[in-house]
Amino acid sequence: MLISLIGIGAPSATDRVLAGHLESCLPGVSVQCIHAAAESKSLDLLTARVLEATPEAVAICCTPLNVGLVIDLCRRLGQVLPELEVVLGGPEAAPRKGELEQVAPRVRVVPEGKKVTERLARALSHAAAPAARPGGANGDPYREGLGDLTRSGKRPEALVVEPAW
């Protein structure tokens, strides 16, 4: 099982430490860290990277500085990968739980506090088994615009080039 841990803003050692904790708590799980700047143009880049990796779940830290981008990303992921489990944590997630869980069908919020890694691991361990993911021509213009990015380069560190459409 692959989980994508999305960091919005500057890459931090905390994300890699959290990824290591999740991998130790969840046997058979590989955690991939994806980072992008907290800018609106990052939405396409993050979506492309998630589509390329085809994880079973995504975890995102929601802060006051990135909450708008997180909401937009959750909406986008809900449209292009409706079966994807999205788990949100961080200081801005718990106070806005009701609003965030209404953004997309499979969004869940993990409360802040002690043992957040264990709660996050528990939430991610309940991610649904991967459903058959449709390839290119499925009537989705966003996915069709990505072309072969959705079917190639399954390595966690694969280079993603933003499509120009």
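Everything here concerns the structure above.
Read on for a plain summary of the structure. (Residues numbered from 1 in each chain as written. Predicted model: local features only at pLDDT ≥ 70, side-chain atom pairs only at ≥ 80, totals over all residues. Heavy atoms only, no water.)

In helix packing, the relevant descriptors are the interaxial angle and the interaxial distance, both defined with respect to the helix axes. Following both chains from N to C, one finds helix α2 (residues 42-53) and helix α3 (residues 67-80) inclined at 40°, their axes separated by 10 Å at the closest point. The orientation of α2 with respect to α3, classified from their angle, is oblique. For the pair α2 and α3, the crossing hand works out as right-handed. Facing S42, L43, D44, L46, T47, V50 and L51 of α2, the residues of α3 in contact are L69, D72, L73, R76, L77 and V80. Across the contact of α2 with α3, the residue classes break down as 8 nonpolar, 2 polar and 3 charged. (Axes fitted to C-alpha atoms, helices over the stretch in contact; angles between N-to-C directions. Helix = DSSP H or I, 4+ residues; strand = E, 2+ residues; numbered from the N terminus. Parallel < 35°, antiparallel > 145°, perpendicular 65-115°, else oblique. Left-handed = near helix turned anticlockwise from the far one by under 90°. Contact = heavy atoms within 4.5 Å. Nonpolar A, V, L, I, M, F, W, Y, C, P; charged D, E, K, R; others polar.)

The next point concerns the nonpolar core. Core analysis: the largest hydrophobic core is formed by 30 residues, its most contacted members being I6, V50, I60, C74 and L88. The set of elements that each furnish at least two residues to this core consists of β1 (2-8), β2 (30-36), α2, β3 (57-61), α3, β4 (85-89) and β5 (107-109). For this core, the element with the most residues is α3, which contributes 8 residues. Beyond its immediate chain neighbours, meaning those up to four positions away, I6 contacts I34, L46, V50, V58, A59, I60, C61 and L73. (Core = buried A, V, L, I, M, F, W, Y, C linked by side-chain atoms within 4.5 Å. Buried < 20%, exposed > 50% of the residue type's maximum accessible area, 1.4 Å probe, protein only.)

Here we come to the pattern of salt bridges. Under the definition given, this model contains 7 salt bridges. Salt-bridge contacts for R108 lead to E85; the nearest nitrogen and oxygen are separated by 2.6 Å. Of this pair, R108 sits in strand β5 while E85 sits in strand β4, placing them 23 residues apart in sequence. In this structure R108 comes out as partly exposed when scored by relative accessible area, which is 28%. Its salt-bridge partner being E92, residue R96 comes within 3.4 Å of it at the nearest N-O pair. Given the relative accessible area of 25%, R96 is considered partly exposed. The network of salt bridges with shared partners includes E85, R106 and R108. (Salt bridge = Lys/Arg side-chain N within 4 Å of Asp/Glu carboxyl O.)

Our focus in this paragraph is helix α1 (residues 13-25). With 13 residues, α1 ought to run about 18 Å at 1.5 Å a step, and its terminal C-alpha atoms sit 18 Å apart, in line with that. Looking only at α1, the buried set comprises D15, A19 and L22. Axial view of α1: buried residues confined to an arc of 65°, hence all on one face. In α1, the exposed positions that point more than 90 degrees away from the buried face belong to A13, T14 and S24. (Expected span 1.5 Å × (residues − 1). Arc of directions from axis to C-beta.)

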